[in-house]
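These are the residues of each chain, in order.
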Amino acid sequence: MKIVFATNNQHKLEEIRDILGNSIEVMSLKDIGCDVDIPETAYTLEGNALQKAQYVYNHYHLACFADDTGLEVEALNGEPGVHSARYAEGTDHNSEANMNKLLSKLEHEDHRKARFRTVIALIEGDDAHTMLFEGIVNGCITREKSGAEGFGYDPIFQPDGYEKTFAELGMDIKNAISHRARAVKKLAEYLKAGMQT
(Lines give C-alpha, C1' and ligand atoms only; values in the text may rest on other atoms or scores of the structure.)
Protein backbone atom coordinates (compact mmCIF):
# COMPACT_ATOMS: atom_id res chain seq x y z
CA MET A 1 0.00 0.00 0.00
CA LYS A 2 1.23 3.49 -0.89
CA ILE A 3 0.27 6.67 0.90
CA VAL A 4 1.54 10.24 0.87
CA PHE A 5 2.63 11.96 4.07
CA ALA A 6 2.24 15.69 3.42
CA THR A 7 5.66 16.72 4.69
CA ASN A 8 9.23 17.27 3.59
CA ASN A 9 10.47 17.20 7.19
CA GLN A 10 13.04 14.40 7.11
CA HIS A 11 12.85 13.86 10.90
CA LYS A 12 9.09 13.36 10.78
CA LEU A 13 9.35 11.13 7.71
CA GLU A 14 11.90 8.81 9.33
CA GLU A 15 9.85 8.71 12.54
CA ILE A 16 6.67 7.77 10.66
CA ARG A 17 8.40 5.17 8.45
CA ASP A 18 9.93 3.57 11.56
CA ILE A 19 6.55 3.40 13.26
CA LEU A 20 4.57 2.15 10.22
CA GLY A 21 7.10 -0.49 9.16
CA ASN A 22 7.29 -2.13 5.74
CA SER A 23 3.64 -2.96 5.04
CA ILE A 24 2.86 0.64 4.03
CA GLU A 25 5.06 2.65 1.65
CA VAL A 26 5.12 6.26 2.82
CA MET A 27 5.96 8.88 0.19
CA SER A 28 6.92 12.47 0.96
CA LEU A 29 5.80 15.59 -0.91
CA LYS A 30 9.14 15.53 -2.70
CA ASP A 31 8.51 11.95 -3.83
CA ILE A 32 5.32 13.03 -5.64
CA GLY A 33 6.91 16.17 -7.10
CA CYS A 34 5.09 18.64 -4.84
CA ASP A 35 7.40 21.52 -3.93
CA VAL A 36 4.70 23.93 -2.77
CA ASP A 37 4.95 25.22 0.78
CA ILE A 38 1.39 24.29 1.71
CA PRO A 39 -0.08 27.00 3.91
CA GLU A 40 -1.06 26.29 7.51
CA THR A 41 -3.43 29.12 8.30
CA ALA A 42 -6.01 27.39 10.50
CA TYR A 43 -6.50 28.23 14.17
CA THR A 44 -6.35 24.61 15.33
CA LEU A 45 -4.08 21.60 14.88
CA GLU A 46 -7.03 19.73 13.33
CA GLY A 47 -7.58 22.55 10.81
CA ASN A 48 -3.94 22.69 9.76
CA ALA A 49 -3.66 18.92 9.33
CA LEU A 50 -6.84 18.86 7.22
CA GLN A 51 -5.67 21.82 5.14
CA LYS A 52 -2.43 20.05 4.18
CA ALA A 53 -4.03 16.66 3.46
CA GLN A 54 -6.81 18.31 1.42
CA TYR A 55 -4.28 20.17 -0.73
CA VAL A 56 -2.45 16.99 -1.70
CA TYR A 57 -5.63 14.99 -2.25
CA ASN A 58 -7.16 17.71 -4.44
CA HIS A 59 -4.04 18.29 -6.57
CA TYR A 60 -2.59 14.77 -6.81
CA HIS A 61 -5.62 12.49 -6.20
CA LEU A 62 -3.60 10.25 -3.88
CA ALA A 63 -4.44 8.88 -0.45
CA CYS A 64 -2.75 11.26 1.90
CA PHE A 65 -2.29 12.07 5.55
CA ALA A 66 -0.89 15.18 7.22
CA ASP A 67 -0.13 16.00 10.81
CA ASP A 68 0.14 19.03 12.97
CA THR A 69 1.68 19.00 16.41
CA GLY A 70 1.56 21.50 19.20
CA LEU A 71 3.22 21.81 22.57
CA GLU A 72 0.59 23.01 25.04
CA VAL A 73 1.85 24.50 28.32
CA GLU A 74 -0.73 24.79 31.10
CA ALA A 75 0.73 27.89 32.79
CA LEU A 76 0.70 29.71 29.42
CA ASN A 77 -2.95 28.87 28.64
CA GLY A 78 -1.96 26.27 26.04
CA GLU A 79 0.81 28.26 24.34
CA PRO A 80 2.62 27.79 22.00
CA GLY A 81 -0.02 25.33 20.69
CA VAL A 82 -0.80 25.76 17.01
CA HIS A 83 2.09 28.28 16.77
CA SER A 84 4.72 25.85 18.10
CA ALA A 85 6.90 25.82 14.96
CA ARG A 86 6.87 29.61 14.65
CA TYR A 87 6.68 30.59 18.31
CA ALA A 88 9.63 32.99 18.36
CA GLU A 89 8.79 36.14 16.38
CA GLY A 90 10.25 36.40 12.90
CA THR A 91 11.36 32.77 12.79
CA ASP A 92 10.16 29.61 11.11
CA HIS A 93 11.08 26.24 12.61
CA ASN A 94 13.97 27.76 14.58
CA SER A 95 14.03 25.32 17.50
CA GLU A 96 16.64 27.19 19.54
CA ALA A 97 14.76 30.49 19.36
CA ASN A 98 11.45 28.76 20.15
CA MET A 99 12.89 26.94 23.18
CA ASN A 100 14.60 30.08 24.47
CA LYS A 101 11.37 32.05 24.28
CA LEU A 102 9.44 29.34 26.12
CA LEU A 103 12.07 28.94 28.85
CA SER A 104 12.22 32.69 29.43
CA LYS A 105 8.40 32.88 29.71
CA LEU A 106 8.49 30.12 32.34
CA GLU A 107 11.55 31.46 34.16
CA HIS A 108 9.68 32.31 37.38
CA GLU A 109 7.03 29.64 37.00
CA ASP A 110 6.99 26.45 39.11
CA HIS A 111 3.86 25.04 37.44
CA ARG A 112 5.48 23.48 34.36
CA LYS A 113 2.96 20.85 33.25
CA ALA A 114 2.70 20.51 29.49
CA ARG A 115 1.60 18.10 26.83
CA PHE A 116 2.47 17.37 23.23
CA ARG A 117 -0.56 16.81 21.02
CA THR A 118 -0.47 15.47 17.46
CA VAL A 119 -3.46 15.39 15.15
CA ILE A 120 -3.31 13.38 11.92
CA ALA A 121 -5.84 13.96 9.14
CA LEU A 122 -6.24 11.17 6.57
CA ILE A 123 -8.07 11.59 3.26
CA GLU A 124 -8.51 8.54 1.03
CA GLY A 125 -10.71 6.82 -1.52
CA ASP A 126 -12.81 8.13 -4.38
CA ASP A 127 -15.21 9.71 -1.90
CA ALA A 128 -12.42 11.65 -0.08
CA HIS A 129 -13.23 9.80 3.14
CA THR A 130 -11.71 11.79 6.01
CA MET A 131 -10.54 10.56 9.42
CA LEU A 132 -8.80 12.27 12.35
CA PHE A 133 -6.44 10.55 14.79
CA GLU A 134 -5.06 12.15 17.95
CA GLY A 135 -2.06 11.32 20.13
CA ILE A 136 -1.18 12.99 23.43
CA VAL A 137 1.79 12.63 25.76
CA ASN A 138 1.82 14.45 29.09
CA GLY A 139 4.92 15.76 30.80
CA CYS A 140 6.60 18.94 31.95
CA ILE A 141 8.99 21.61 30.72
CA THR A 142 12.47 21.33 32.21
CA ARG A 143 14.41 24.37 33.42
CA GLU A 144 17.21 23.86 30.92
CA LYS A 145 17.94 22.01 27.68
CA SER A 146 19.27 18.44 27.92
CA GLY A 147 20.09 15.90 25.23
CA ALA A 148 21.08 15.98 21.60
CA GLU A 149 18.63 13.61 19.90
CA GLY A 150 15.24 14.43 18.46
CA PHE A 151 14.17 17.86 17.25
CA GLY A 152 11.92 20.80 18.06
CA TYR A 153 11.19 21.11 21.78
CA ASP A 154 12.57 17.63 22.63
CA PRO A 155 15.49 18.95 24.78
CA ILE A 156 13.10 20.70 27.22
CA PHE A 157 10.18 18.23 27.36
CA GLN A 158 10.28 15.48 29.98
CA PRO A 159 7.48 12.94 29.54
CA ASP A 160 5.63 11.68 32.62
CA GLY A 161 7.22 8.57 34.11
CA TYR A 162 10.73 9.40 32.87
CA GLU A 163 13.66 11.24 34.42
CA LYS A 164 15.00 12.36 31.05
CA THR A 165 13.89 14.64 28.21
CA PHE A 166 12.81 13.29 24.82
CA ALA A 167 16.20 14.43 23.47
CA GLU A 168 18.00 12.29 26.08
CA LEU A 169 15.79 9.21 25.79
CA GLY A 170 16.77 8.56 22.15
CA MET A 171 14.61 7.89 19.12
CA ASP A 172 13.72 4.27 19.96
CA ILE A 173 12.06 5.16 23.25
CA LYS A 174 10.61 8.41 21.89
CA ASN A 175 9.07 6.57 18.91
CA ALA A 176 7.49 4.08 21.30
CA ILE A 177 5.83 6.63 23.62
CA SER A 178 5.52 9.95 21.76
CA HIS A 179 2.39 11.88 20.83
CA ARG A 180 3.13 11.27 17.15
CA ALA A 181 3.69 7.55 17.80
CA ARG A 182 0.31 7.33 19.52
CA ALA A 183 -1.50 9.09 16.67
CA VAL A 184 0.37 7.06 14.02
CA LYS A 185 -0.44 3.81 15.84
CA LYS A 186 -4.15 4.64 15.50
CA LEU A 187 -3.61 5.54 11.83
CA ALA A 188 -1.66 2.30 11.21
CA GLU A 189 -4.32 0.14 12.85
CA TYR A 190 -6.98 1.80 10.69
CA LEU A 191 -4.95 1.40 7.46
CA LYS A 192 -3.99 -2.21 8.18
CA ALA A 193 -7.60 -3.11 8.99
CA GLY A 194 -8.59 -1.59 5.64
CA MET A 195 -5.97 -3.68 3.82
CA GLN A 196 -7.47 -6.89 5.27
CA THR A 197 -11.01 -6.19 4.09
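Residues numbered from 1 in each chain as written. Predicted model: local features only at pLDDT ≥ 70, side-chain atom pairs only at ≥ 80, totals over all residues. Heavy atoms only, no water.

Colleague: Help me understand unusual backbone geometry in this model?
Modeller: Most peptide bonds adopt trans geometry, and most residues besides glycine take a negative phi value. Cis geometry is found at the peptide bond from Glu-79 to Pro-80, where omega equals -10°. One can find Pro-80 in strand E4 (residues 79–81). If you check the backbone angles, Asn-77 has positive phi at about 55° while not being a glycine. Take Asn-77: its relative accessible area is 77%, and that puts it in the exposed class. Positive phi is not limited to glycine here, since Ala-128 has a value of about 55°. (Helix = DSSP H or I, 4+ residues; strand = E, 2+ residues; numbered from the N terminus. Buried < 20%, exposed > 50% of the residue type's maximum accessible area, 1.4 Å probe, protein only.)

Colleague: Honestly, the state of the cysteines in this entry has me stumped. Any pointers?
Modeller: Here a disulfide denotes one covalent bond, and it connects the sulfur atoms of two cysteines. One pass over the structure, following the stated rule, counts zero disulfides. Among the cysteines around Cys-64, which has no disulfide bond, Cys-34 carries the closest sulfur, lying 9.1 Å off. According to the relative accessible area criterion, Cys-64 is buried, its value standing at 0%. (Disulfide = S-S within 2.5 Å.)

Colleague: Whenever I open this one, the pattern of salt bridges confuses me. Can you help?
Modeller: Applying the stated criterion across every chain, the model contains 14 salt bridges. Glu-40 is paired through a salt bridge with Lys-52; the nearest N and O atoms lie 3.6 Å apart. On the criterion of sequence distance, the pair formed by Glu-40 in the loop between strand E2 (25–27) and helix H2 (45–60) and Lys-52 in helix H2 is long-range, its members being 12 residues apart. Taking the relative accessible area as the measure of exposure, Glu-40 reaches 27% and is therefore partly exposed. Each of Glu-46, Glu-72, Arg-115, Arg-117 and Glu-134 takes part in a single network of salt bridges with overlapping partners. (Salt bridge = Lys/Arg side-chain N within 4 Å of Asp/Glu carboxyl O.)

Colleague: Sorry if this is basic, but what is going on with helix H1 (residues 10–20) here?
Modeller: At 3.6 residues per turn, the α-helix brings residues three or four places apart onto the same side. Every buried residue belonging to H1 is among Lys-12, Leu-13, Glu-15, Ile-16 and Leu-20, and all of these are buried. Burial along H1 is one-sided: seen end-on, the buried residues are contained in an arc of 165°. Two or three places before Lys-12, at the start of H1, stands the capping residue Asn-9, its side-chain oxygen 3.0 Å from that residue's backbone nitrogen. One or two residues past the end of H1 sits Gly-21, with phi positive at roughly 75°. (Arc of directions from axis to C-beta. Polar contact = N/O pair within 3.5 Å; in protein donor to acceptor, adjacent residues only side chain to side chain.)

On their own, these measurements won't tell you what the molecule is for.
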